[in-house]
Amino acid sequence: MKNLNVLLLITAFLLTIGTAIAQDKPAESAADLAKKLSNPIASLISVPFQNNTDVGIGAYNGSRNTLNFQPVIPISISQKWNMISRVVLPIVTQQDIIAPGVKQTGLSDAVISAFFSPAEAKNGLTWGVGPAILVPTATDKLLGTEKLGVGPTAVILKQANGWTYGALVNQIWSIAGNDDRADVNQMFLQPFFVYNWKSGAGVGGNFEITQNWEGNTTAVFFNPTVSGITKLGTQMVQLAIGPRIPVSIPAGSRPDFGIRAVVNFVYPK
């Protein structure tokens, strides 16, 4: 829990800075917000809650619900450069995965990323690079790796005529942790695309490809979504929903079907 407390303190600190930066700025249109939200390294404060539900998993017809808490905080470090911090903290509930009638609930491991990116895109093209850190915040050994890991991360994307397309990647190696657990040597690749209308509505999708070099396994999901921007009171919110389609999943862990729903609280600058 010590690692979790540190992670939450860092997130709260970054949100405080980001909210202060966002104050007293003119309102942005839904189209502008949708364009920025399609860009993982946009200069926009957002706090997404991404819920993934997968059913019919493995030999025991199990289920897993993963709620990802994913605050994104941009910080201007100079006139030409931004640093965009991203935290992904999964909250997992799974049933009948390990054995019939057995349930686990708690935190999984967190991934903290920092992208150093040019403040201005050139011809709609932008990019970011930086470190990614795997933090062993799991509250149950069956929900995490019990390893501290580090590695590089990068993203590149193009925006033009309502379209956004690009890819995000990270590679993490374990450097410390429980010697009795398997080492972490894992790549995550996420090609993505989305089309946004002037109303702020959008349609798109991404592939989530996880390559476990240590275990020599590959997992691929395709996640098409439809999205829109609205207000809850005075709070700008993006809503998105769509199926999770298992394309290629290791034997014994493939779900029959899944669904993704996202509520993203937006703080325009």
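Data block above holds the structure.
Residues numbered from 1 in each chain as written. Predicted model: local features only at pLDDT ≥ 70, side-chain atom pairs only at ≥ 80, totals over all residues. Heavy atoms only, no water.

What's the story with the overall build of the chain in this structure? I'm lost.
Within the chain one finds two helices and 14 strands. Each of the 269 residues in the chain was classed as buried or not, and the buried ones make up 42%. Intrachain contacts of the chain at a sequence separation of at least 6 include 56% that bridge at least 24 residues. Carbon together with sulfur atoms contributes 61% to the accessible area of the chain, which is approximately 13,500 Å² in total. (Helix = DSSP H or I, 4+ residues; strand = E, 2+ residues; numbered from the N terminus. Buried < 20%, exposed > 50% of the residue type's maximum accessible area, 1.4 Å probe, protein only. Contact = heavy atoms within 4.5 Å. Areas by Shrake-Rupley, 256 points an atom, 1.4 Å probe, with all protein chains shown as cover.)

Would you mind showing me how to read the packing of aromatic side chains here?
Following the criterion strictly, the structure yields six aromatic pairs and no others. Their ring planes at 75° and their centres at 5.7 Å tell us that tryptophan 81 and tryptophan 127 sit as a pair that is edge-to-face. Residue tryptophan 81 is found in strand 4 (residues 81-95), and its partner tryptophan 127 is found in strand 7 (residues 125-135); the two are separated by 46 residues along the sequence. Judged by relative accessible area, which is 34%, tryptophan 81 ranks as partly exposed. The class of tryptophan 127 is partly exposed, set by a relative accessible area of 34%. Linked through ring pairs, Phe49, Phe69 and Phe265 together constitute an aromatic cluster. Across from the ring centre of phenylalanine 221, 4.1 Å away, lies the NZ or CZ of arginine 244, which sits over that ring. (Phe/Tyr/Trp six-rings, centres within 6.5 Å; stacked < 30°, edge-to-face > 60°. Lys NZ or Arg CZ within 6 Å of the ring centre and 35° of its normal.)

Which parts of the structure should I look at to understand the pairing of strand 7?
Successive side chains on a regular strand alternate, one facing one side of the sheet and the next facing the other. With five bridges joining them, strand 6 (residues 110-118) and strand 7 adopt antiparallel strand pairing. What sits directly across from isoleucine 112, in strand 7, is isoleucine 133. Linkage of strand 6 to strand 7, two consecutive antiparallel strands, is achieved through a turn of six residues, within which asparagine 123 is found at a positive phi near 55°. When strand 7 meets strand 8 (residues 147-160), the two strands line up antiparallel, connected through ten bridges. Within strand 8, the position partnered with threonine 126 by the bridge is leucine 157. (Pairing = 2+ DSSP bridges.)

Looking at this structure, I do not really get unusual backbone geometry. What am I missing?
The residue aspartate 96 is not glycine, and still its phi comes out positive at about 60°. Looking at where aspartate 96 falls in the secondary structure, it is placed in the loop between strand 4 and strand 5 (103-107). One non-glycine residue, asparagine 123, lies in the positive phi region at around 55°. Tracing the chain through its elements places asparagine 123 in the loop between strand 6 and strand 7.

Please explain the pairing of strand 13 (residues 235-248) as it appears in this structure.
Taken together, the ten bridges between strand 12 (residues 217-232) and strand 13 define a ladder with antiparallel strand orientation. Bridged to phenylalanine 221 within strand 13 is proline 246. Where strand 12 folds back on strand 13, the antiparallel hairpin that results is connected by two residues, among which glycine 233 adopts a positive phi of roughly 70°. Where strand 13 meets strand 14 (residues 257-267), nine bridges bridge the pair, whose relative direction is antiparallel. Counted as the bridge partner of leucine 239 is valine 263 from strand 14.

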